[in-house]
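Survey of secondary and tertiary structure
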Amino acid sequence: MSPRVKALAVHLFTATGAVFAMLAMLAAIEAQWDLMFLWLVVAFVVDGIDGPLARKYHVKVNAPEFDGVLLDLIIDYLTYVFIPAFALFKSGLMDGWSGWVMIIVITFTSALYFADTRMKTKDNSFSGFPGCWNMVVLVLFALEPDWIVCLAVVTVLAVTMFVPLKFVHPVRTERWRWLTLPMALGWTGFAGWAAWVDFHPESWAHWGLVVTSLYLLVAGAVQQLWPERR
């Protein structure tokens, strides 16, 4: 298989995320939240794999007619932002005015963040919360906190999108990758498990989601507090 064919295959693989986004949206419209999150987890897996493949097969050189970064951002906005915000709005976790505030804040701030050319740091981490609302909303579905807690979480994370706090990239941030990557894989597994059992309150997956989510949220800030010695 030629390098060009391999590069084109990576673009095609990335584009499958749009299909999974549509399947997730169809499930969300029918309030099939477990099925919606299962499709979002599948899209999350695709998003985690396509980046390393794109770099391995040099898609910018071998298939430059397709902008893989733009393609990835379009799908990420659907699966990370748009569909999760819709689900949180329609699920009943945030009713009335709080739901309207949430859906406006998430979609508006995320659109700005995704277009921000400063979103990546020198060590390939994220500067500010990277708009992973799919992960946040899934945890909220699992824990089912009061609406005020949901509103507080959304507000704080939206603010942190535009402050110089570092959030690790599970694959590209080299520091602590030996721990970060297994944590991200663990989160994916726990997320799929929680959705598979329809967020049963006694599922151990919820504890796994809490532990892995907390690590992924604070690891970058901890790295900032304790810079790596050269």
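Up top you'll find the structure we're talking about.
Notes on the structure in this doc start here.

So, how was this worked out
Residues numbered from 1 in each chain as written. Predicted model: local features only at pLDDT ≥ 70, side-chain atom pairs only at ≥ 80, totals over all residues. Heavy atoms only, no water. Salt bridge = Lys/Arg side-chain N within 4 Å of Asp/Glu carboxyl O. Helix = DSSP H or I, 4+ residues; strand = E, 2+ residues; numbered from the N terminus. Buried < 20%, exposed > 50% of the residue type's maximum accessible area, 1.4 Å probe, protein only. Polar contact = N/O pair within 3.5 Å; in protein donor to acceptor, adjacent residues only side chain to side chain. Contact = heavy atoms within 4.5 Å. Axes fitted to C-alpha atoms, helices over the stretch in contact; angles between N-to-C directions. Left-handed = near helix turned anticlockwise from the far one by under 90°. Nonpolar A, V, L, I, M, F, W, Y, C, P; charged D, E, K, R; others polar. Phe/Tyr/Trp six-rings, centres within 6.5 Å; stacked < 30°, edge-to-face > 60°. Core = buried A, V, L, I, M, F, W, Y, C linked by side-chain atoms within 4.5 Å. Expected span 1.5 Å × (residues − 1). Arc of directions from axis to C-beta.

**Describing the pattern of salt bridges**
All told, the structure shown has 3 salt bridges when counted by the stated rule. Residue Arg-4 is joined to Glu-65 by a salt bridge in which the shortest nitrogen-to-oxygen separation is 2.5 Å. Placement of the pair is Arg-4 in helix H1 (residues 3-29) and Glu-65 in the loop between helix H3 (59-62) and helix H4 (68-90), with a sequence separation of 61 residues. Residue classification places Arg-4 among the partly exposed positions, given a relative accessible area of 39%. Across the pair Lys-166 and Asp-123 runs a salt bridge whose closest N-O atoms are separated by 2.8 Å.

**A look at the side chain of Thr-173**
Within the secondary structure layout, Thr-173 lies in the loop between strand E2 (166-167) and helix H8 (177-196). At 2.8 Å, the side chain of Thr-173 forms a polar contact with the side chain of Ser-125. Looking at Thr-173, its side chain comes within polar contact range of the main-chain nitrogen of His-169, at 2.8 Å. Excluding its chain neighbours within four sequence positions, the residues that come into contact with Thr-173 are Asp-123, Asn-124, Ser-125, Val-168 and Gln-223.

**Topic: the packing of H8 against helix H9 (residues 205-225)**
Remark: H8 packs on H9, axes separated minimally by 9 Å, with the N-to-C direction vectors making an angle of 145 degrees. Between H8 and H9 lies a crossing of left-handed hand. The residues of H9 that touch H8, namely those facing Leu-179, Thr-180, Met-183, Ala-184, Gly-186, Trp-187, Phe-190, Ala-191, Trp-193 and Ala-194, are Ala-205, His-206, Gly-208, Leu-209, Thr-212, Ser-213, Tyr-215 and Leu-216. Looking at the contact of H8 with H9 residue by residue, the class counts come to 12 nonpolar, 6 polar and no charged.

**Examining the packing of aromatic side chains**
Evaluated as defined, the whole model comprises 14 aromatic pairs. Relative to Trp-187, the ring of Phe-44 lies with its centre 5.4 Å away and its plane at 55 degrees, an arrangement referred to as tilted. Placement of Phe-44 in helix H2 (residues 33-56) and of Trp-187 in helix H8 is noted, with a sequence separation of 143 residues between them. For the pair Phe-44 and Trp-187, a shared accessibility class is recorded, and that class is buried. With a centroid separation of 5.0 Å and 70 degrees between ring planes, the pair formed by Phe-89 and Trp-100 is classed as edge-to-face. Taken together, the residues span a long stretch of sequence, with Phe-89 in helix H4 and Trp-100 in helix H5 (residues 96-114) at a distance of 11 residues. For Phe-89, a relative accessible area of 22% translates into the label partly exposed.

**Thoughts on the nonpolar core**
Where a protein is soluble and globular, its nonpolar side chains tend to be buried together. Core analysis: the largest hydrophobic core is formed by 56 residues, its most contacted members being Met-36, Phe-37, Trp-133 and Trp-187. Of all elements in the fold, only H1, H2, H4, H5, helix H6 (133-143), helix H7 (147-160), H8 and H9 reach the threshold of two or more residues within this core. In contact with Trp-187, other than residues within four places in its own chain, are Phe-44, Met-135, Leu-138, Val-139, Leu-209, Thr-212, Ser-213 and Leu-216.

**A closer look at H5**
Between its first and last C-alpha, H5 extends 28 Å over 19 residues, near the 27 Å set by a 1.5 Å rise per residue. Every buried residue of H5 is listed here: Ser-98, Gly-99, Met-102, Ile-103, Ile-106, Thr-109, Ser-110, Tyr-113 and Phe-114. Down the axis, H5 shows its buried residues gathered within 165 degrees of arc, on one side only. Of the exposed residues in H5, the ones pointing more than 90 degrees away from its buried face are Trp-97, Trp-100, Ile-104 and Phe-108. Residues of H5 that are buried make contact with H4, strand E1 (126-127), H6 and H7.

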